[in-house]
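# Report on the structure
Below are the chains, spelled out letter by letter.
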Amino acid sequence: MKNIQAKKKLVKMSDKWMKRGINPNFDEIDHLDEMWQVAFTAYPSMKTSEDEYYVSESKLSNMVGMASDELEAAGKSLI
């Protein structure tokens, strides 16, 4: 997966995360794990050794925001 693809996927996954309450079969743990994998594919330099043990939701939120802003600035479709 290329960087731009990872950023698009991360933004889409974030949207799905925000709508998780309407899906009773939504697996939050698996979804978050996959979001982290995609986030670190999009931003490999942001991964630290500490992230092997614990990563904060605020860090993930910041990465989603960065991806969204960068895609918007580049004029890339989020769809």
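Just above sits the structure.
Let us look at the structure shown here. Note that this is a predicted model, so its numbers are computed, not measured.

Once that is clear, we can look at the pattern of salt bridges. One side chain can pair with another of opposite charge once the charged atoms of both are near each other. Here the structure, examined in full by the defined rule, presents 3 salt bridges. A salt bridge links Glu 70 to Lys 7, with the shortest nitrogen-to-oxygen separation between them at 2.5 Å. One end of the pair, Glu 70, is in helix α3 (residues 57–74); the other, Lys 7, is in helix α1 (residues 3–18), with 63 residues separating them in the sequence. On the accessibility criterion, Glu 70 (33% relative accessible area) is partly exposed. For Glu 28, the salt bridge identified is with Arg 20, shortest N-O distance 3.3 Å. Note on Arg 20: relative accessible area 27%, which makes it partly exposed.

Our next topic: the packing of aromatic side chains. Under the defined criterion, the tally for this structure stands at 2 aromatic pairs. For the ring pair Trp 36 and Phe 40, a centre distance of 5.3 Å and an interplane angle of 25 degrees mean the geometry is stacked. Highlighted residues: Trp 36 and Phe 40, both in helix α2 (residues 28–42), separated by 4 residues, approximately one helical turn. With respect to class, Trp 36 is no different from Phe 40; both count as buried. Positioned over the ring face of Trp 17 is Arg 20, at 3.9 Å from the centre of the ring.

Analysis parameters
Residues numbered from 1 in each chain as written. Predicted model: local features only at pLDDT ≥ 70, side-chain atom pairs only at ≥ 80, totals over all residues. Heavy atoms only, no water. Salt bridge = Lys/Arg side-chain N within 4 Å of Asp/Glu carboxyl O. Helix = DSSP H or I, 4+ residues; strand = E, 2+ residues; numbered from the N terminus. Buried < 20%, exposed > 50% of the residue type's maximum accessible area, 1.4 Å probe, protein only. Phe/Tyr/Trp six-rings, centres within 6.5 Å; stacked < 30°, edge-to-face > 60°. Lys NZ or Arg CZ within 6 Å of the ring centre and 35° of its normal.

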